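Residue-level listing of the chains:
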Amino acid sequence: MTENIAADKWDRLYPTPSHPPSHQSPRRLPGATADSTSALLKTLRDNHVKWHIFFNDKGFHNHASHHLLAIYGLGANGPNLEAAYETHASYQRPAFKSPEPINKDNFHEHLGDENYYNAYLHFFTDVLLEKGAVATIEEYIFSPKANIEPPAPGKPPMQMANRFLSGLLHCLIHTGYGCEFGLLGQLAEGLAETAVHNPLAPTLTPPSLLQYLGAAASDLTNAAVSAITSLMPSLVLDQVHRVVKPSDPNAAGGVHALSLLSRIMNDEHYSYRSLGLPPFIRGEEDNSLDTVLYLRGEKLSEIVKEWTVDGTNAAEVERKIEELFWMNVIIFGVGGWSDRKNSKTGKFNGDFFYLHLVTSVLFLPSIVAYLSPTSISIFLRTYLLNCLALYVARGRPRLHVAEFFDEVTPAPAPPADALPPLKPGEGTLIADNRTPSPWLAIVQSTLEHPDDHLCKLQRALAHFAALYGTTPAGHFKKLGVELQGAEKIDGTLFIRVAGLSMDRVGWMREGEKKEEWDFDGFTTHDQ
């Protein structure tokens, strides 16, 4: 039983978090101490033992570890971590023993069955401790055996790469935390979570994208070398101080992801009306994504063919991931602001589903660092297909880029009455500048906010701002991006979206009440 894990095994599953595996992965803010790390590991281990991956019978996901690792990365102290965990422990569903163990022979027989989560967790724990993360992820998520080969005569393929992207990207997110923080216990949970999810429509991982999957077997022996030498530059001495810069406008690489997004936005074939989607279900049960994949998946996969990724070229992989960073933030932020008049607040439609595009894309560099070149290409392209399909599934809002940059503040601040009441001391540089860094104010408020999605979102946005905040207006025009208003996009995108998000769910630390994300979608413009 997991409860009886020996101390040395615990230390291998949940050691002190390692440094991120890629320079595109988030840097941690100062704040981690021996005490806060002890609180983190104690709560993560408790969560690992006590709770199921779903907290109800609808398949809603246990977010406890996400919340803990996100605020730890933002500098939370021990009491803050413990308080955050208690907000989750109060409603989790207890873990339970599976009907039988999982082994290599029956691995395929119980896929999609949450009753076998505990058994898959034990299975992946053992495999990870024996083989390590690189070989395990390759074999059980991206290999031909895991996706296109029948596991037994007369049995359908297991579609593990498809399952990895299902559940509103929660399997990817959960596994991504394990990759970023170097926690095999977290990885085991994420892989077990993948196994008990049902796949989305087959068009999410179409033959056109999986046609090179057979090469993954030969790539496997090179995966660890690729991870260390090509995609983990922090470990290469001559690249330790490398500065991340926006994509080179002169670099080749095919059509930009934002151009594909623009084409879909302007194509009536993807409108809510054309698709005939039923009204959205107001909650995580909404299945519009699956419907879109069935109705438009083949067409979307044809579009994604134009977006190629050479997994052997580390610089190109980095550029492609950067494209996805920008695209997903624009969908959530610019899309939500453009539809503000149809939202509950009239200020911002903070769509719960689009939010997951931002919180998931953060982990692409950390996951890619563990993959072979072939798997990198498959992973990034199927991820893009999923993002574009979700954009359509939630109503494909118009993206008023120029207006967004003209009207949304790049200097958000807490409510005025929450600012320090004392008069600044004599000699203060700018006495009336009460929020000299909006990011510091946002992070402080986020650390005390009980919404576990907010900390994940703001951590992602802050990281993107750290990487690309110096991007000047006009950069995307030079890249040839087709999106109308692209010439206005600059590095302030991330702080503008962070401010809108903070306003949407409330500056609670500063006295505002807790608000909720939006579930109503974007359909008014298409009706």
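Residues numbered from 1 in each chain as written. Predicted model: local features only at pLDDT ≥ 70, side-chain atom pairs only at ≥ 80, totals over all residues. Heavy atoms only, no water.

Right, let's get into the packing of helix 3 (residues 64-73) against helix 4 (residues 78-89). The contact between helix 3 and helix 4 brings their axes to 9 Å, and the two run at 160°. In this view, helix 3 runs roughly antiparallel relative to helix 4, as classed from their interaxial angle. Between helix 3 and helix 4 lies a crossing whose hand is right-handed. Across the interface between the two elements, Ala-64, His-67, Leu-68, Ile-71 and Tyr-72 of helix 3 pack against Asn-80, Leu-81, Ala-84, Tyr-85, Thr-87 and His-88 of helix 4. (Axes fitted to C-alpha atoms, helices over the stretch in contact; angles between N-to-C directions. Helix = DSSP H or I, 4+ residues; strand = E, 2+ residues; numbered from the N terminus. Parallel < 35°, antiparallel > 145°, perpendicular 65-115°, else oblique. Left-handed = near helix turned anticlockwise from the far one by under 90°. Contact = heavy atoms within 4.5 Å.)

On to helix 22 (residues 452-468). Taking 1.5 Å of rise per residue, 17 residues should cover 24 Å, and helix 22 covers 25 Å from first to last C-alpha, within 8% of that figure. Within helix 22, 15 of the 17 residues are buried, leaving the element largely enclosed by the surrounding structure. Two or three places before His-453, at the start of helix 22, stands the capping residue Asp-451, its side-chain oxygen 2.8 Å from that residue's backbone nitrogen. (Expected span 1.5 Å × (residues − 1). Buried < 20%, exposed > 50% of the residue type's maximum accessible area, 1.4 Å probe, protein only. Polar contact = N/O pair within 3.5 Å; in protein donor to acceptor, adjacent residues only side chain to side chain.)

Scanning the entire structure with this criterion turns up 20 salt bridges. Of the charged contacts, one joins Arg-273 and Glu-268 as a salt bridge, the two residues approaching to 3.0 Å between their closest N and O atoms. A relative accessible area of 40% places Glu-268 in the partly exposed class. When the shortest N-O distance is used, the salt bridge between Lys-305 and Glu-302 registers 3.1 Å. (Salt bridge = Lys/Arg side-chain N within 4 Å of Asp/Glu carboxyl O.)

The next subject is the packing of aromatic side chains. Inspection of the entire model under this criterion finds 31 aromatic pairs. Measuring from ring centre to ring centre gives 5.5 Å for Phe-124 and Tyr-140, while their planes differ by 85°; the resulting arrangement is edge-to-face. In this pair, Phe-124 is assigned in helix 5 (residues 117-131) and Tyr-140 in helix 6 (residues 133-142), connecting sequence segments 16 residues apart. A relative accessible area of 6% places Tyr-140 in the buried class. Measuring from ring centre to ring centre gives 5.8 Å for Phe-142 and Phe-379, while their planes differ by 70°; the resulting arrangement is edge-to-face. Here Phe-379 lies in helix 19 (residues 373-393) and Phe-142 lies in helix 6, a separation of 237 residues in the sequence. A network of ring pairs unites the aromatic residues Phe-325, Trp-326, Phe-464, Tyr-468, Phe-476 and Phe-494 as a single cluster. The ring of Trp-337 is capped by Arg-340, whose NZ or CZ atom sits 3.7 Å from the centre of that ring. (Phe/Tyr/Trp six-rings, centres within 6.5 Å; stacked < 30°, edge-to-face > 60°. Lys NZ or Arg CZ within 6 Å of the ring centre and 35° of its normal.)

Right, let's talk about the nonpolar core for a bit. Phe-379 and Leu-380 are the most contacted members of the largest nonpolar core, which has 165 residues in total. Among the elements that line this core, the one with the most residues is helix 19, at 13 residues. (Core = buried A, V, L, I, M, F, W, Y, C linked by side-chain atoms within 4.5 Å.)

Here the focus is the side chain of Thr-359. Mapped onto the secondary structure, Thr-359 falls in helix 17 (residues 352-361). Look at Thr-359 and you get buried, because its relative accessible area is 1%. In this structure, Thr-359 is in contact with Ile-173, His-453, Lys-456 and Leu-457, ignoring residues within four places of it in sequence.

So far we have only geometry, and geometry alone does not tell us how the molecule works.
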